[in-house]
2 protein chains.
Amino acid sequence: MAVAPPRPKDLPLTALRAFEAAARLGGFAAASQELGVTPGAITAHVKSLEASLGAKLFERTARGVQLTAVGDAVLPGFTAAFDGLGLAVQTLRNEAAPSTVHIAALPSLAQLWLSPRLPALRAVAPDISISITAMETPPNLKRAPYDLSLFYGDDPRGALARDVIFPVCAPAMAAKLKSPEDLSHVLCLSDSTWTDDWTIWSRAAQADVKPRGPVFSLYTLAVEETVNGAGVLMGHEALVASHLASGELVAPFDLKVQLGTSLRLWSQRHFKSGSAASRVMQWLQENN
Amino acid sequence: MAVAPPRPKDLPLTALRAFEAAARLGGFAAASQELGVTPGAITAHVKSLEASLGAKLFERTARGVQLTAVGDAVLPGFTAAFDGLGLAVQTLRNEAAPSTVHIAALPSLAQLWLSPRLPALRAVAPDISISITAMETPPNLKRAPYDLSLFYGDDPRGALARDVIFPVCAPAMAAKLKSPEDLSHVLCLSDSTWTDDWTIWSRAAQADVKPRGPVFSLYTLAVEETVNGAGVLMGHEALVASHLASGELVAPFDLKVQLGTSLRLWSQRHFKSGSAASRVMQWLQENN
DNA sequence: TTTGAGCCTCATTTTTTCTGACCCTAATAT
DNA sequence: ATATTAGGGTCAGAAAAAATGAGGCTCAAA
């Protein structure tokens with residue numbers, strides 16, 4: 001036989017993935033975030049790719065990178081391929097562990113909306129094991145290992161309910177609040193990701209108030225403080241519903257403002273009907 | 001922000017590729033061949049995948065492996081994804097080096113059919129750089145870094161000409177050969193991959209001869225020996241054409257037998273018209 | 001039996017990948 | 001004009017992943 005082919009070794013998959021992420025997200029920093037490595041690793045990968053190709057994939061400028069024509073031409077192909085790979089991995093995970101459902105959720109939604117529903121869900125589907133991962137930003141479901149996402153968003157697809165806000169406080173404090181103007185005399189708690197809440201509600205209430213108070217980075221913490229009587233919190237309906245139901249919190253005013261965003265529960269793949277993921281999704285939609 | 005997502009690290013791409021190859025090819029040994037690593041590496045990859053999934057992907061038997069239901073269910077997705085990735089890499093390579101064409105060819109075709117045509121091709125397309133890699137088996141063009149493949153095969157797609165065989169020898173020897181029966185008195189050279197050639201031709205010639213002679217593993221070597229008068233070679237038209245044209249070899253008999261296979265030149269991707277690869281392919285088709 | 005194909009194991013080596021610390025540049029904020 | 005900051009680049013060292021190579025096992029076919 002003799003003819004031994006001196007294998008021209010192919011491009012490293014990791015480097016290709018780094019390139020795809022950087023190109024798709026428009027920067028090495030963003031790519032390093034998505035892939036969970038340091039920016040230097042992305043730099044190195046792209047550099048090695050460019051070296052073995054003999055062509056530049058990005059133009060480097062001082063404030064970021066810009067895809068070259070070459071990079072631009074091939075990006076769609078890579079994105080499609082890696083999407084396909086991600087989906088295949090998801091499918092594989094599901095086949096391997098058919099009764100486990102992974103949910104990605106906003107921390108506050110995980111604790112204040114999802115968590116209270118879990119006991120009932122477990123009762124209905126004791127065979128399903130549910131894992132919840134909290135994160136600030138919705139993951140790319142084509143890539144990250146989650147079956148369902150639960151976040152607030154503009155997109156109406158998968159919307160469970162419109163986001164509705166209104167002030168809430170401990171029952172004791174509600175007594176002091178006769179009109180919106182009274183808000184000027186108490187602390188108005190707010191969340192760092194929803195800094196506009198008070199402004200929006202005040203405007204709708206046509207109240208001339210300048211709510212002031214501490215800003216929390218964890219909504220759950222703000223809720224706890226409110227329960228403890230620390231002040232008035234701008235409540236998001238889905239997040240305070242259970243505390244309202246239990247009486248720990250009350251709504252001192254009637255005005256509720258509907259925002260443009262919705263509470264959304266969505267998936268990427270199409271689950272077989274009867275699969276754990278589809279059962280969980282359906283139950284959550286029905287018990288909203 | 002606080003909420004630091006403890007990244008649930010995703011499955012290693014290399015291991016997934018190993019799984020895909022093993023599943024598609026039906027064995028670890030074959031996969032290790034395709035990926036150019038030792039079988040032990042495949043074993044390890046699959047094992048680590050199975051460990052992190054918590055499910056078996058293959059049933060191991062003493063004489064090979066058998067894909068499980070889980071593996072079977074996800075294989076098509078992975079194959080499609082890796083095919084897409086391979087194609088994207090090819091496209092990338094072409095974008096990066098637009099005027100280089102990589103051809104994979106049977107060693108004999110590379111030397112005896114392609115090589116004689118290269119000077120004329122270079123004259124017509126001096127801007128194109130051509131690289132030829134010889135191998136026994138056609139590569140998977142969706143994965144391996146070649147633009148064109150040149151081999152013999154059953155598939156009529158891309159066929160340039162039917163494979164036609166007939167005895168050839170040096171002019172001096174031809175004088176001794178009046179009828180096929182005379183072949184019994186000379187050495188009949190053959191190639192190890194085409195051991196049936198003599199049988200097929202003899203049957204067509206209705207000659208009662210039992211050709212005997214040395215078997216070569218490289219057809220080119222057999223041709224050289226024939227030119228040197230070592231014996232009679234069963235010639236494949238495409239491979240001996242130039243020696244016939246130069247008079248170094250002659251066909252002592254008129255009978256030519258057309259085989260079921262063809263000389264094939266094919267590609268996997270669709271090249272832009274005017275691209276180097278498409279120009280080379282077209283020229284070779286026209287100058288056949 | 002013997003042989004051989006195919007897979008497994010494991011210690012060791014090689015290669016790849018990542019980090020961490022520091023430098024650079026340009027646009028924006030002060 | 002100065003900070004400041006966002007986005008990259010570089011490099012040496014460290015860590016992790018991948019691959020090797022030598023020996024073993026099992027079963028089927030010769």
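Residues numbered from 1 in each chain as written. Chains lettered and ligands numbered in written order. Predicted model: local features only at pLDDT ≥ 70, side-chain atom pairs only at ≥ 80, totals over all residues. Heavy atoms only, no water.

1. Side note on the relation of the copies chain B and chain A
Phase 1: Between chain B and chain A, the superposition needs a rotation of 180° and an axial shift of 0.1 Å, giving an RMSD of 0.2 Å. Expressed as an axis order, the relation between the two copies is that of a two-fold axis. Closest approach to the rotation axis within chain B is made by the C-alpha atom of Ala 81 of chain B, at a distance of 2.6 Å.
Phase 2: A high fraction, 95%, of the interface residues of chain B reappear at the interface in chain A, so the copies pair face to face through one surface. (Least-squares fit on C-alpha atoms with pLDDT ≥ 70 in both. Contact = heavy atoms within 4.5 Å.)

2. Quick look at the pattern of salt bridges
All names here are of chain A.
Phase 1: Counted according to the given criterion, the structure contains 22 salt bridges over all chains.
Phase 2: Between Arg 157 and Asp 155 there is a salt bridge; the shortest N-O distance is 2.6 Å.
Phase 3: Residue class for Arg 157 comes out exposed when judged on its relative accessible area of 61%.
Phase 4: Overall, the relative accessible area of 24% leaves Asp 155 in the partly exposed class.
Phase 5: Ionic contacts of the salt-bridge type, sharing partners, join the residues Glu 20, Arg 24, Glu 34, Asp 83, Lys 142 and Arg 143 into one network. (Salt bridge = Lys/Arg side-chain N within 4 Å of Asp/Glu carboxyl O. Buried < 20%, exposed > 50% of the residue type's maximum accessible area, 1.4 Å probe, protein only.)

3. Observations regarding the interface of chain B and chain A
Phase 1: Every contact between the two is made by 44 residues of chain B and, on the other side, 43 residues of chain A.
Phase 2: A combined buried area of about 3,800 Å² lies between chain B and chain A, and 75% of that area is made up of carbon and sulfur atoms.
Phase 3: Here chain B is connected to chain A by zero salt bridges.
Phase 4: Seen at the junction of chain B and chain A, the total is zero residue pairs in polar contact (both at pLDDT 80 or more).
Phase 5: By residue number, the principal contributor to the side of chain B that touches chain A is helix 4 (residues 69-96) of chain B, which donates 16 residues.
Phase 6: The residue makeup of the side of chain B that touches chain A, split by class, is 28 nonpolar, eight polar and eight charged. (Buried area = accessible area lost by both parts, 1.4 Å probe. Polar contact = N/O pair within 3.5 Å; in protein donor to acceptor, adjacent residues only side chain to side chain. Helix = DSSP H or I, 4+ residues; strand = E, 2+ residues; numbered from the N terminus. Nonpolar A, V, L, I, M, F, W, Y, C, P; charged D, E, K, R; others polar.)

4. Some points on the sheet that holds strand 3 (residues 100-105) of chain A
All names here are of chain A.
Phase 1: The eight strands are arranged 4-3-5-10-6-9-7-8 in an open sheet whose pairing can be described as mixed. A strand with exactly one partner marks an edge of an open sheet, and here the two such strands are strand 4 (129-134) and strand 8 (215-216).
Phase 2: Note that strand 3 and strand 4 share six bridges and pair parallel. The residue bridging Thr 100 from the neighbouring strand is Ser 129, located in strand 4.
Phase 3: Those strands touched by helix 5 (residues 107-124) are strand 3, strand 4, strand 5 (148-153), strand 6 (159-168) and strand 10 (257-267), and its axis lies near 170° from that of strand 4. (Pairing = 2+ DSSP bridges. Axes fitted to C-alpha atoms, helices over the stretch in contact; angles between N-to-C directions.)

5. Quick notes on the side chain of His 236 of chain A
Residues and elements named next belong to chain A.
Phase 1: Along the chain, the position of His 236 falls in strand 9 (residues 232-236).
Phase 2: On the basis of relative accessibility, which here comes to 0%, the residue His 236 falls in the buried class.
Phase 3: Within polar-contact distance, the side chain of His 236 engages the side chain of Asp 197 at 2.6 Å.
Phase 4: Here His 236 is in contact with Tyr 152, Asp 163, Val 164, Ile 165, Trp 194, Asp 197, Tyr 219 and Leu 259, once residues within four sequence places are set aside.

Just geometry here; none of it tells us what the structure is for.
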